[in-house]
Amino acid sequence: MTSRLLVLGAAVLATVGIVIAWLVVGRGGDDDPISGPAAQQAEEVPLAEGSTTEPDADWVTETAADRQIPVRAMQAYARTEISQREAAPECNLRWNTLAGVGSVESAHGTLGGAGLDAAGVPSKRIIGPPLNGENGTRAIEATKESTALHGDEEWDRAVGPFQFLTSSWEQYGADADGDGRADPHDIDDAALGAANHLCDRERDLAGEGWVPAVFAYNNSMAYVKKVRGIADSYAR
């Protein structure tokens, strides 16, 4: 019963958090100090037998079912943790922090009734509201590059399972699945881009670097608290 209540609580937090994430994206700051405890760290993702890059498939399936996370999203989070162990071991990134961000930003790529296909791309593009200076956002005009990602010729918008702005994607985006394209609509690429963002400036997510990392992702302490709550529920 306790585990079911924890999962239900995480789902409610995710729903509320999605709204908060869309309203505060691009904000210039927050009155609260950027401080507080790090999220709990889940156990390391186990490797598949004989592999140095792939997570154990049974573990992915079981963990996804237990935490009520889509299996395809869980695969992306697990693979990203494994890749970051080698690329940025000092960051100490664990899958549950990525899952906390992914939950708040897009309900793991399922916002608006979307579903992830085998390639990790939502069946419906997940596009944030126009960043036109209203509803607590700052005004960011569209560019040719941003319009190609979301179709709005007037205002920029956050896109994909991790709700990247064009400028952030240009800085942190990556081709995680080796298809020759860094695509923010692809949860594999987006999860690795999020990891690059969180691990920037040599932050240690096992300690004092966690709150500044998540705050840098979206400048709101309310957002940080939502991500922490969900990440903690996944770490059990």
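Residues numbered from 1 in each chain as written. Predicted model: local features only at pLDDT ≥ 70, side-chain atom pairs only at ≥ 80, totals over all residues. Heavy atoms only, no water.

### With respect to the overall build of the protein chain
When you go through the protein chain residue by residue, the secondary structure sums to nine helices and zero strands. Helices and strands in the protein chain line up, N terminus first, as α-α-α-α-α-α-α-α-α. Counting across all 236 residues of the protein chain, residues that qualify as buried make up 50%. For the protein chain, the share of sequence-separated contacts (at least 6 apart) that also reach a separation of at least 24 residues comes to 63%. Taken as a whole, the protein chain presents about 10,900 Å² of accessible surface, with 50% of it coming from carbon and sulfur. (Helix = DSSP H or I, 4+ residues; strand = E, 2+ residues; numbered from the N terminus. Buried < 20%, exposed > 50% of the residue type's maximum accessible area, 1.4 Å probe, protein only. Contact = heavy atoms within 4.5 Å. Areas by Shrake-Rupley, 256 points an atom, 1.4 Å probe, with all protein chains shown as cover.)

### Some points on the state of the cysteines
Taken as a whole and judged by the stated rule, the model has one disulfide. Two residues share a disulfide in this structure: Cys91 and Cys199, whose sulfurs sit 2.0 Å from each other. The chirality of the disulfide connecting Cys91 with Cys199 is left-handed, given an S-S dihedral of about -80 degrees. Placement of the pair is Cys91 in the loop between helix 3 (71-87) and helix 4 (95-106) and Cys199 in the loop between helix 7 (187-198) and helix 8 (210-217), with a sequence separation of 108 residues. In this structure Cys91 comes out as buried when scored by relative accessible area, which is 0%. When its relative accessible area of 9% is taken as the criterion, Cys199 is described as buried. (Disulfide = S-S within 2.5 Å.)

### Digging into the pattern of salt bridges
Tallying each qualifying case throughout the model produces eight salt bridges. A salt bridge links Arg79 to Glu54; its shortest N-O distance comes to 3.1 Å. With Arg79 in helix 3 and Glu54 in the loop between helix 1 (2-24) and helix 2 (57-67), the pair connects residues that are 25 residues apart, well separated along the chain. The class for Arg79 is partly exposed, based on a relative accessible area of 29%. Among the residues examined, Glu54 registers a relative accessible area of 32% and is labelled partly exposed. With a closest N to O distance of 3.7 Å, Asp183 and Arg181 form a salt bridge. Of the residues examined, Asp183 reaches a relative accessible area of 8% and is grouped as buried. Three or more residues joined by partner-sharing salt bridges are found here, namely Asp66, Arg67 and Arg236. (Salt bridge = Lys/Arg side-chain N within 4 Å of Asp/Glu carboxyl O.)

### Looking at the packing of helix 2 against helix 3
One way to put it is that helix 2 packs onto helix 3 with a least axis distance of 9 Å and a crossing angle of 120 degrees. When the axis of helix 2 is compared with that of helix 3, the two are oblique. Note on packing geometry: the crossing formed by helix 2 with helix 3 is right-handed. Between helix 2 and helix 3, the contacting residues are Trp59, Val60, Thr63 and Ala64 on the first element and Val71, Met74, Gln75 and Ala78 on the second. Residues of the contact of helix 2 with helix 3, tallied by class, amount to six nonpolar, two polar and no charged. (Axes fitted to C-alpha atoms, helices over the stretch in contact; angles between N-to-C directions. Parallel < 35°, antiparallel > 145°, perpendicular 65-115°, else oblique. Left-handed = near helix turned anticlockwise from the far one by under 90°. Nonpolar A, V, L, I, M, F, W, Y, C, P; charged D, E, K, R; others polar.)

### Some points on the environment of Glu141
Turning to its location among the elements, Glu141 is positioned in the loop between helix 4 and helix 5 (144-150). Residue class for Glu141 comes out exposed when judged on its relative accessible area of 61%. Along the backbone, Glu141 and Arg157 are 16 residues apart, and their C-alpha atoms lie at a distance of 9.2 Å. Excluding its chain neighbours within four sequence positions, the residues that come into contact with Glu141 are Glu154, Trp155 and Asp156.

### Some points on the packing of aromatic side chains
Pairs of aromatic rings are described using the distance from one ring centre to the other and the angle between the two planes. Applying the stated criterion across every chain, the model contains five aromatic pairs. One aromatic cluster in this structure is built from Trp59, Trp95 and Tyr234. (Phe/Tyr/Trp six-rings, centres within 6.5 Å; stacked < 30°, edge-to-face > 60°.)

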